[in-house]
Amino acid sequence: TDTGIFHFGSNTKSRGGRDMGIRSTKDAILGTALFMPGAMNSGQTELYLSRRRDREARDRVRYIHPVFEAALKETYGAVVYQEQVINIMRGLGMSIEGVNTFFKIVKSSGAGAVEANNERIAPLRAEFDQLCREAGIADSDIGTACASTAGFVAYGFSKSHATGYGLRAYRSAYL
């Protein structure tokens, strides 16, 4: 499984990179974030890849609110980077304390982190749901919105982290 390519050495990431068809540094940056547990466990990796492959699917993307569109348009409506979730929370009006708590949670990784992070994020759910309702988001869409963002308790990359890794990966593949 070792491809000799930085960050794409494991079976999951090397297979994912091949399936994605990385052709540019932008693709490598996306790939480093897409194949992390946060994006994969929440279904965002498959969502992005299916829309990437199908122009009609990209054209049919429906955003539940302009805040979600602003944060997710670059990735066809899929949540890939930590900043996207934070921008959604900020855009909905979440308190600074809530955003900071979420940021601390998504940065946490290691043994037992997912279970601990699920417990730590639970109090934010009520605030998130209330902010969605105040923004006019239908209750049926709130669950979907929460599920796509809550996947980051399993660790997702920030865009700057993904950029550093993606550039190194692209350069090592080139070499």
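This text goes with the structure placed above it.
We now turn to the structure provided with this report. (Residues numbered from 1 in each chain as written. Predicted model: local features only at pLDDT ≥ 70, side-chain atom pairs only at ≥ 80, totals over all residues. Heavy atoms only, no water.)

This part takes up the packing of helix H7 (residues 82-92) against helix H8 (residues 96-107). Relative to each other, H7 and H8 sit at 165 degrees, their axes nearing to 10 Å. By the angle between their directions, the pair H7 and H8 is classed as roughly antiparallel. Regarding H7 and H8, the two cross each other, and that crossing is right-handed. On H8, the residues that touch Gln82, Val85, Ile86, Met89 and Arg90 of H7 are Val99, Phe102, Phe103, Val106 and Lys107. Split by residue class, the contact of H7 with H8 holds 7 nonpolar, 1 polar and 2 charged. (Axes fitted to C-alpha atoms, helices over the stretch in contact; angles between N-to-C directions. Helix = DSSP H or I, 4+ residues; strand = E, 2+ residues; numbered from the N terminus. Parallel < 35°, antiparallel > 145°, perpendicular 65-115°, else oblique. Left-handed = near helix turned anticlockwise from the far one by under 90°. Contact = heavy atoms within 4.5 Å. Nonpolar A, V, L, I, M, F, W, Y, C, P; charged D, E, K, R; others polar.)

Along an α-helix, residues three or four positions apart point the same way, because every turn accommodates 3.6 residues. The element helix H2 (residues 25-34) is extensively covered by neighbouring structure, given that 8 of its 10 residues are classed as buried. Here H2 has its buried residues at Asp27, Ala28, Ile29, Leu30, Gly31, Thr32, Ala33 and Leu34. Here the buried face of H2 lies against helix H1 (11-20), helix H3 (37-41), helix H4 (44-53) and helix H11 (159-174). (Buried < 20%, exposed > 50% of the residue type's maximum accessible area, 1.4 Å probe, protein only.)

Once that is clear, we can look at the nonpolar core. In terms of nonpolar packing, the biggest core is built from 26 residues, with Phe68, Leu72, Ile88, Met89, Leu92, Phe102 and Phe128 touching the most fellow members. Of all the secondary-structure elements, those providing two or more residues to this core are helix H6 (66-72), H7, H8, helix H9 (113-134) and helix H10 (139-150). Counting residues in hydrophobic clusters, the runner-up holds 15 residues, among them Met20, Ile29, Phe35 and Met36. (Core = buried A, V, L, I, M, F, W, Y, C linked by side-chain atoms within 4.5 Å.)

So, on to H7. The complete set of buried residues in H7 reads Gln82, Gln84, Val85, Ile86, Ile88, Met89 and Leu92. Where the residues of H7 are buried, they touch H6, H8, H9 and H10. Following H7 by one or two positions, Gly93 has its phi on the positive side, about 100 degrees.

What follows concerns the environment of Arg60. Tracing the sequence through the fold places Arg60 in the loop between helix H5 (55-59) and H6. Remark: the alpha-carbon pair of Arg60 and Ala150, spanning 90 residues in sequence, is separated by 24 Å.

A full pass over the atoms with the stated rule returns 8 salt bridges. Of the charged contacts in the structure, one is a salt bridge between Arg62 and Asp141, with a shortest N-O distance of 3.2 Å. Placement of Arg62 in the loop between H5 and H6 and of Asp141 in helix H10 is noted, with a sequence separation of 79 residues between them. Residue class for Arg62 comes out exposed when judged on its relative accessible area of 57%. Residue class for Asp141 comes out buried when judged on its relative accessible area of 15%. Residues Arg133 and Asp139 are paired through a salt bridge, measuring 3.1 Å at the closest nitrogen-oxygen approach. (Salt bridge = Lys/Arg side-chain N within 4 Å of Asp/Glu carboxyl O.)

Turning to the side chain of Thr45, a few remarks are in order. Within the element layout of this structure, Thr45 appears in helix H4. Within the structure, the side chain of Thr45 is placed 2.3 Å from the backbone oxygen of Leu34, a separation counted as a polar contact. Once residues lying within four places of it in the same chain are set aside, the contact partners of Thr45 are Leu34, Phe35, Ala39 and Met40. (Polar contact = N/O pair within 3.5 Å; in protein donor to acceptor, adjacent residues only side chain to side chain.)

So, on to the packing of aromatic side chains. Overall, the coordinates contain 3 aromatic pairs when judged by the stated rule. Between Tyr48 and Tyr76 the ring centres are 5.3 Å apart and the planes differ by 15 degrees, which places this aromatic pair in the stacked class. Of this pair, Tyr48 sits in helix H4 while Tyr76 sits in the loop between H6 and H7; the two residues are 28 residues apart in sequence, bridging distant segments of the chain. Assessed through its relative accessible area of 2%, Tyr48 is described here as buried. Between Phe157 and Tyr165, the aromatic rings sit 5.2 Å apart at their centres with planes inclined by 80 degrees, giving edge-to-face as the arrangement. Above the ring of Tyr76, the side-chain terminus of Arg58 is found at 5.3 Å from the ring centroid. (Phe/Tyr/Trp six-rings, centres within 6.5 Å; stacked < 30°, edge-to-face > 60°. Lys NZ or Arg CZ within 6 Å of the ring centre and 35° of its normal.)

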